[in-house]
Amino acid sequence: MQKSTFKRMVAACIALLAIICSPSGEEPQSVFLRVQAEGNGLQVVTNDHDWSVELSALRVAVRNIEFTIEGGTHARTPRRFPLLPPRALAHPGHYAGGEVTGELSGEYLVDFFSPNPQILGEAELLPGDYNGINLYFRRTSESDGLEQDDPLLGHTAFMEGTASKADETVAFTAVVDAAEDTQMVGGPLELEVSADTSDTLVLSLYTLDPSESDTLFDGLDFALLDEDGDGVVEIEPGQTAHNILMKTLIRHDHFGMEVRPDGGQVNEK
């Protein structure tokens, strides 16, 4: 057995004994924190085709928001143990591969343009230093209470807005389908949870990636999408534009959980 592997096994045994032999002899108690959704991450953005895009509606269907600790940062860092398999890495500000020690279970239809904060429920978390969130995308059904003519029925997301460039403006709608239970892994969250934590957690969707400044609408040239020149574009499943938008929407670049101290403002860490 290699010396480094032996040392890790010894360290793990010591940590386990410390828990077993702790004076209290009790398991960590769960902490319950309110989770809500707001549109504070939505801003006017200029995409990589120089279109200024502003949303006026955005709803997304998700389920089971998970909270993770000790996720590996996506920034490339030196590895102490070169024989271990590498972690999933990408870019700073996001985490991946963390252990799930908190969850808000259930199905949610998140309206990021709700006039008031949309309270999703109370998440149950064990004490710890949290670094990220995961969530699952789903498709809506009649159980979501949608009208038969609602464009979101049977789909994952619906958005509406305008795209402008020079003296040209295009009004657009987009219906997005993601495969059922597609998982978003590693949305940013920085939160230390202890027994007396009472913060509110705010699920946000960012039209502008806070880490790399790419936008939710990169890859979309609205002039090419407006083939008949009537100033109206409908993005639907089966189109190339839909696939581009869907693949961007489900990435961790555009989701995160912000921390709002009880009675305070969003803590932008």
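Note that residues are indexed from 1 along each chain, following the sequence as it is written. Owing to the predicted nature of the model, reporting of local features is limited to residues with pLDDT of at least 70; listing and counting of side-chain atom pairs is limited to 80 or more, with chain, interface and lining totals taken over all residues. Side-chain calculation: all heavy atoms of the structure are included, whereas hydrogens and water are not.

K.L.:
I tried to follow the overall build of the protein chain on my own but got confused; where do I start?
P.N.:
Secondary structure follows DSSP: runs of H or I at least 4 residues long count as helices, runs of E at least 2 residues long count as strands, and numbering of each begins at the N terminus. When its secondary structure is counted, the protein chain shows 3 helices and 14 strands. Working definition: with a 1.4 Å probe on protein chains only, accessible area under 20% of the residue-type maximum means buried, over 50% means exposed, and in between means partly exposed. By residue count, 43% of the 269 residues in the protein chain fall in the buried class. Throughout, a residue-residue contact means that at least one pair of heavy atoms, one from each residue, lies within 4.5 Å. Contacts spanning at least 24 positions in sequence make up 78% of the contacts within the protein chain whose residues lie at least 6 apart. In these tables, accessible area is a Shrake-Rupley quantity obtained with a 1.4 Å probe, and a residue counts as shielded only by the protein chains included in the view. Working note: accessible area of the protein chain is about 14300 Å², and carbon and sulfur atoms make up 51% of it.

K.L.:
Even after reading the chapter, I still don't get the nonpolar core, so can you show me in this structure?
P.N.:
The nonpolar side chains of soluble globular proteins are, as a tendency, buried together. Here, nonpolar core refers to any group of buried Ala, Val, Leu, Ile, Met, Phe, Trp, Tyr and Cys residues whose side-chain atoms link them within 4.5 Å. Counting 54 residues, the largest nonpolar core has Phe67, Met159, Leu203 and Phe217 as its most contacted members. Among the elements that line this core, the one with the most residues is strand 3 (residues 52–69), at 8 residues. In contact with Phe217, not counting residues within four places along its chain, are Val45, Asn47, Asp48, Val53, Leu55, Met159, Phe172, Thr207 and Leu245. Counting residues in hydrophobic clusters, the runner-up holds 7 residues, among them Ala61, Leu146, Phe158 and Val175.

K.L.:
Got a minute to help me understand a negative patch on the surface in this structure?
P.N.:
Nonpolar side chains (Val, Leu, Ile, Met, Phe, Trp, Tyr) within 5 Å and like charges within 9 Å form the patches, drawn only from residues with over 30% relative accessible area and no salt bridge. Take a side-chain nitrogen of Lys or Arg and a carboxyl oxygen of Asp or Glu: if they are within 4 Å of each other, that pair is a salt bridge. Positive charge is attributed to Lys and Arg, negative charge to Asp and Glu, and no charge count is given to His or to the chain ends. Charge placement uses NZ in Lys and CZ in Arg. For Asp and Glu, CG and CD serve respectively. A cluster of acidic residues, Glu227, Asp228, Asp230, Glu234 and Glu236, forms a negative patch at the surface. As for its placement among the helices and strands, Glu227 is situated in the loop between helix 2 (222–225) and strand 13 (232–235).

K.L.:
Please clarify how the packing of aromatic side chains should be interpreted in this entry.
P.N.:
Working definition: an aromatic ring pair is given by the centre-to-centre distance plus the angle between the planes. Only rings of Phe, Tyr and Trp enter the pairing, Trp through its six-membered ring, and a pair is recorded when the two centres are within 6.5 Å. The plane angle decides the type: under 30 degrees is stacked, over 60 is edge-to-face, the rest tilted. Summed over all chains, the structure comprises 4 aromatic pairs. Here Phe137 and Phe255 contribute two aromatic rings whose centre-to-centre distance is 5.7 Å and whose plane-to-plane angle is 70°, an arrangement assigned as edge-to-face. With a gap of 118 residues between them, Phe137 in strand 8 (residues 128–137) and Phe255 in strand 14 (residues 255–260) connect regions that are remote in the sequence. Of the residues examined, Phe137 reaches a relative accessible area of 0% and is grouped as buried. Consider the rings of Phe172 and Phe222, whose centres lie 5.2 Å apart with planes at 40°: the pair is tilted. Residue Phe172 is located in strand 10 (residues 168–176), and its partner Phe222 is located in helix 2; the two are separated by 50 residues in the primary sequence. Accessibility assignment for this pair places Phe172 and Phe222 in one class, buried.

K.L.:
Quick question: what am I supposed to make of unusual backbone geometry here?
P.N.:
Outside of glycine, negative phi angles account for most residues, and trans bonds account for most peptide bonds. The phi torsion at Asp50 lies on the positive side, around 65°, for a residue other than glycine. Mapping Asp50 onto the fold places it in the loop between strand 2 (45–46) and strand 3. When its relative accessible area of 54% is taken as the criterion, Asp50 is described as exposed.

K.L.:
Can you walk me through helix 3 (residues 240–249) in this structure?
P.N.:
Residues lying three or four places apart along an α-helix face the same way, a consequence of the helix completing one turn every 3.6 residues. Along helix 3, the positions that sit buried rather than exposed are Ala241, His242, Leu245, Met246, Thr248 and Leu249. Along the axis of helix 3, the buried residues cluster in a sector spanning 165°; they form a single face. Exposed and oriented more than 90 degrees from the buried face of helix 3 are Thr240 and Lys247. Note that the arc is defined by the directions from the helix axis to the C-beta atoms.

K.L.:
Quick question: what am I supposed to make of the confidence of the model for the protein chain here?
P.N.:
Close inspection of predicted coordinates is inappropriate in any region flagged by low pLDDT. By definition, pLDDT measures how confident the predictor is in each residue, and it falls between 0 and 100. Averaged over every residue, the pLDDT of the protein chain is 84; residues scoring 70 or more account for 77%. Between residues 264–269, whose pLDDT stays under 50, and residues either more than four places distant or in other chains, the model counts 9 contacts.

K.L.:
It is not clear to me how the side chain of Asp199 should be interpreted in this structure. Could you clarify?
P.N.:
You can see Asp199 is positioned in the loop between strand 11 (183–193) and strand 12 (200–205). Not counting residues up to four positions away in its chain, the partners in contact with Asp199 are Leu33, Arg34, Leu191, Val259, Arg260, Pro261 and Asp262.

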